[in-house]
Each structure stands twice: as structure tokens, then as C-alpha cells.
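Observations on the three-dimensional arrangement
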Amino acid sequence: MINNLLKTISEAEIFQLVLFFILLTLVFIQVLFKIIFLIRISLLKQDTRGKTRTPVSIIMTERNEEENLSENLPGLLAFNNENYEVIVVDDFSQDNSLSVLGKLREANSNLKVSALNQETRFSIKLSQNIGLKSMKNDWALVVPPSVNQYKNEWVVNICSTIHPGAETIINYCNVTRNKKFFNKLFRIETFLLYLKSMAYSMAGFPFVFFENNVVFRKQKYFELGGYGKKIKEPYANLELLINQFLSKKKCRFVLNDDTAIRFTEKVSRHDFLDLIRKSFCIEQHLSFSKRLVLFLSSFVKLIILPLLVVVILLFTGVWPIVLVAVCILLILHLFIIKTMQNRLNERKIFITSLIYDLVVPYFKIVFRWHFNRKRHKQNGRTKFKVI
């Protein structure tokens, strides 16, 4: 077989050899990246039972969340831990949210309640600003009102992950599982975005896609002057600011279910597409070097499959080499996905996440073009109105 392969390569046309070696090079880069990533996640310490428990302030913004507050907030207030407080900012609710909060505040000294008293643009960002100003602790932790799944020692575990040299602790979050189609797509996209940000952060290009369940020093928020010009940005909130002060040496990913949270949401097609839009928006606000690395990586990932088909069709004699290389890449990818799903207790998405990760990136090319085109038109109309 080896002799036949050598003969095939020696008799090949120049363009066939070029395509063949480009494919092998791209596969090798992907394999190397995945091996390094596997080594790094295997070396990460996963024990959250530290001796020190740094105080944190849990910040929640809500609007018309009477039911979620009644069902979920008592659980957040019941932890046997003196090192935390819960701050809820009401965003001009029209239901009985404030009444629920008032009753809970009477019974819980670790609950603080603030409110926006009128309809306001960018109200989520303004509510978060109020919450951050109300904190007595140095570390902030944002959660949604619909949060309802976490370990009994979640807050204790969160407090134990913080160490003096860190500025940001990134913990896992996702929606709770049900049998709905878009719920599964949303969970898969969230899971893959978490892996993506973790992989690039470990490679020296740190960023996050989610604000929920991320612990950060409130000082970093105020050093940036709050939201500033980013207050008008749709889809994303604190992620935009966290990505500005995030650094490789001072951020930490916690890869276990002890510090993870899940929240119950009715996920529709619109919510799923908004999640993708949010990822586009966050990537557009990253530094040039990070955007460049993300673009090159996405380009390599997208081109491998069509290039593989072309090489096999035009250069059939080298299929054994191509098959071995692709199998190595696939096995590594499968191992990473399975390892991460086990660590984060993310069930029932193994096969579908593999199919999703193969197909959806091509959909995102078209969707991103449409998203950027629409935003460009909106910005153009805005500038025209100002003039």
C-alpha cells in the first residue's frame, strides 16, 4: 500500500499535490490545537472546596417576573453562607413583582431591592449599574430570575473558586433541558460557545459570550466608567465590559457541575436566533487581534470539509492518508465533546452536537452576512436622522 501511495503522489499533477498538502496542513493545525486544548483542560484543577470563601454579591435584574421570583428567589436566599448578599433590581414591572420582593426582603436580611420607577431605554444595563453600585462586597455574580437548577453548595463553591490573583471566574450556565426542538438547539449553541471561549482564552485570547454565572471584581466595571458608549448596544450587556478587562493570567474557567447553573426559559426560534446574533455582536466588539484569530480559525474549519471532498474526488489514490488524518481529528473532537459534557453534566446532546457543529457553521455564514447588512442599514438611517 505504501508503494502505491508513493507512486500515486509521484505521478500526481501539481494542483493535486497543492490541494493535498493544504488539506493535510489544515488538519494538522486542527489536531495540534485540539491536543493542546485537551492537555490544558486535563491540567485544570476542578476541586472547588477551598479553605477561603470570598464574599460575593448576587445581582439579578427583573421585569414582570412575579412567578420566577416567587419560585426561585427563596432558594437563592436560603444558602447557609454568611459571605453573600442578593441584590434584585426591578425594571419598572407592571405585575406584582415588587410585592413579592417586599415580602421576601422582610424575611431575609441578605436581600436588597432597588427599582427603576419609569420606562427607560437600555433598562437592563441601567438596572445592572444600580445593582453594582448597591454592592457591599467586591465580587459580583449575575444570575437571571429564571435560575432554578444548581448544587446545594453552589454559592459556597462559587466563593471558594475565587483567589487573590484572579479578576474573573467563568462558570458554566445553560437552559434546563426539555424535549422541545429549539431548546436543544439553544443548549447546544450555548455549550459550544462556552467551549469556544474557553479554548481561545487558554490560547491567550480571552473572551466570554455570557454574563450569567461569571464572577468579577466590581472595581473593574467602574474603572471602565460603566457602559459608556456601549449602553446602546443590543443583544449583549456585561459581556461587552468583561471582555475589555479580561486577561489570560487573571481569569479562570471552572469546569464542573458544582458551580454551574441552569435556568428555565421557553426557548423559541426567535430566542435561538437572538443567541447567535448575540455571539456575532460580542465578537464584533473584540480587539482586532482576537477577531483576526477567530476569523482565521473559522475559515480553516469551514474549508476543511469541502476541501476534503475535492481532494478525494480529484486525487482518489491518497484517500488512505486523508482518511487516517481525518479520523484522528474526529476522534480528538469526539473526546473533547464527551469529556466536557461529562464534566458539565450536559446530557442528551452528544450526537446532535456533533451534527450541529458540522452543519450550522455554514448556516452562520449566510446569517452573519444578513445580520451585518441589516445593522449597517440601521446605522445608516440613524446617522441620517442625526444630520
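For the structure itself, look to the data block above.
Reference entry: report on the structure contained in this document. The structure displayed is predicted, hence computed values, not measured ones. (Residues numbered from 1 in each chain as written. Predicted model: local features only at pLDDT ≥ 70, side-chain atom pairs only at ≥ 80, totals over all residues. Heavy atoms only, no water.)

**A short note on helix α6 (residues 154–161)**
By the criterion of burial, α6 is predominantly enclosed, with eight of the eight residues buried. Among all positions in α6, only W154, V155, V156, N157, I158, C159, S160 and T161 are buried. (Buried < 20%, exposed > 50% of the residue type's maximum accessible area, 1.4 Å probe, protein only. Helix = DSSP H or I, 4+ residues; strand = E, 2+ residues; numbered from the N terminus.)

**Section: the sheet that holds strand β5 (residues 147–149)**
Taken together, three strands build an open sheet; the order of strands is β5-β10-β7 and the sheet is mixed. Edge positions in the sheet fall to β5 and β7 (173–175), since each has one partner strand and no second. On average, adjacent strands in this sheet sit at an angle of 45° to one another, irrespective of strand direction. (Pairing = 2+ DSSP bridges. Axes fitted to C-alpha atoms, helices over the stretch in contact; angles between N-to-C directions.)

**Observations regarding the layout of surface pockets**
A volume near 1,700 Å³ is recorded for the largest pocket. Along the walls of the largest pocket sit 48 residues, with Q30, S297, S298, K301 and D357 positioned nearest its centre. Put simply, the parts of the chain that give the lining of the largest pocket at least two residues each are α2 (14–43), α7 (181–202), α10 (269–284), α11 (288–314), α12 (319–344) and α13 (350–386). The dominant element in the lining of the largest pocket, judged by the number of residues it contributes, is α11, at 14 residues. Among the residues forming the lining of the largest pocket, the class breakdown is 33 nonpolar, six polar and nine charged. Every residue lining the second largest pocket is counted, 39 residues in all, and those nearest its centre are I124, E211, Y235, N237 and K278. Of all elements in the fold, only β1 (56–62), α5 (123–134), β7, α7 and α10 reach the threshold of two or more residues within the lining of the second largest pocket. (1 Å grid on protein atoms, 1.4 Å probe; cavity = no way out; pocket = protein on both sides within 12 Å on 5 of 7 lines; lining within 4 Å. Points joined across faces, edges and corners; volume = space filled by probe spheres on them. Nonpolar A, V, L, I, M, F, W, Y, C, P; charged D, E, K, R; others polar.)

**Notes on the pattern of salt bridges**
What the rule picks out here adds up to 15 salt bridges. The partner of D257 in a salt bridge is K151, with the nearest N and O atoms 3.8 Å apart. Taken together, the residues span a long stretch of sequence, with D257 in the loop between β9 (251–253) and β10 (261–263) and K151 in the loop between β5 and α6 at a distance of 106 residues. Overall, D257 belongs to the buried group, its relative accessible area being 14%. With relative accessibility at 35%, the residue K151 sits in the partly exposed group. One network of salt bridges, with partners in common, ties together K151, R187, D257, D258, R262 and E346. (Salt bridge = Lys/Arg side-chain N within 4 Å of Asp/Glu carboxyl O.)

**Some details on the pairing of strand β3 (residues 111–116)**
Successive residues of a regular strand alternate their side chains across the two faces of the sheet. By the bridge criterion, six bridges tie strand β2 (residues 84–91) to β3 in an arrangement that is parallel. Bridging from a neighbouring strand, V86 pairs with L111 of β3. Each parallel crossover has a hand, and for β2 linked through helix α4 (residues 97–107) to β3 it is right-handed. (Right-handed = clockwise from strand over helix to strand, strands pointing away.)

**Remarks on a nonpolar patch on the surface**
Side chains of F15, L305, V309, V310, L313, L314, I351, I355, L358 and V359 sit close together on the surface and give an oily, nonpolar patch of about 910 Å² of accessible area. Secondary structure elements with two or more residues in the nonpolar patch: α11 and α13. Per element, the largest residue contribution to the nonpolar patch is five residues, and it comes from α11. With respect to the secondary-structure elements, F15 resides in helix α2. (Patch = residues over 30% accessible without salt bridge, like charges linked within 9 Å, V, L, I, M, F, W, Y side chains within 5 Å. Areas by Shrake-Rupley, 256 points an atom, 1.4 Å probe, with all protein chains shown as cover.)

**Thoughts on the sheet that holds strand β6 (residues 168–170)**
Taken in spatial order, the seven strands of this open sheet run β3-β2-β1-β4-β8-β6-β9, and their pairing is mixed. The open sheet terminates on both sides in strands that have one partner only, identified here as β3 and β9. On average, each strand axis in the sheet is inclined to that of its neighbour by 20°, with strand direction left out of account. Taken together, the three bridges between β6 and β9 define a ladder with parallel strand orientation. Note that in β9 the partner of T168 across the bridge is C251. Each of β1, β2 and β3 touches α4; the most contacted strand, β3, lies at about 155° to it. Running at roughly 120° to β1, α6 makes contact with β1, β2, β4 (139–142), β6, β8 (214–217) and β9 of the sheet. (Contact = heavy atoms within 4.5 Å.)

**Describing empty space enclosed by the protein**
Evaluation of the coordinates by the stated rule reveals one cavity of 30 Å³ or more. Estimated volume of the largest cavity: approximately 60 Å³. In terms of lining residues, the largest cavity is bounded by I170, N171, C173, Y194, S197, V208, F209, F210, N212 and V214. Tallied by class, the residues present in the lining of the largest cavity amount to seven nonpolar, three polar and no charged.

**Some words on the nonpolar core**
The tendency in soluble globular proteins is for nonpolar side chains to be buried side by side. Core analysis: the biggest nonpolar cluster contains 66 residues, and F191, Y194, M198, F216, L238 and M340 have the highest contact counts within it. The contact partners of F216, leaving out residues within four places of it in the chain, are L132, D138, W139, A140, V142, E167, T168, Y221, L238, I242 and F245. One finds L77, V100, L141 and I162 within the second-largest nonpolar core, a separate group that totals 47 residues. (Core = buried A, V, L, I, M, F, W, Y, C linked by side-chain atoms within 4.5 Å.)

**Details of the pairing of β4**
Where burial is concerned, the two faces of β4 agree: the one with W139 and L141 and the one with A140 and V142 are both buried. Strand direction decides the pairing type here: β1 and β4, joined by four bridges, are parallel. Note that in β4 the partner of I58 across the bridge is L141.

**Digging into the packing of α2 against α7**
The contact between α2 and α7 brings their axes to 10 Å, and the two run at 90°. Considering the angle they form, α2 stands roughly perpendicular to α7. Residues F33, F37, R40 and I41 of α2 form the contact with α7, whose own contacting residues are L195, M198, A199 and M202. Of the residues in the contact of α2 with α7, the class split is seven nonpolar, no polar and one charged. (Parallel < 35°, antiparallel > 145°, perpendicular 65-115°, else oblique.)

It is worth stressing that arrangement in space is one thing and function is another; only the former is reported here.
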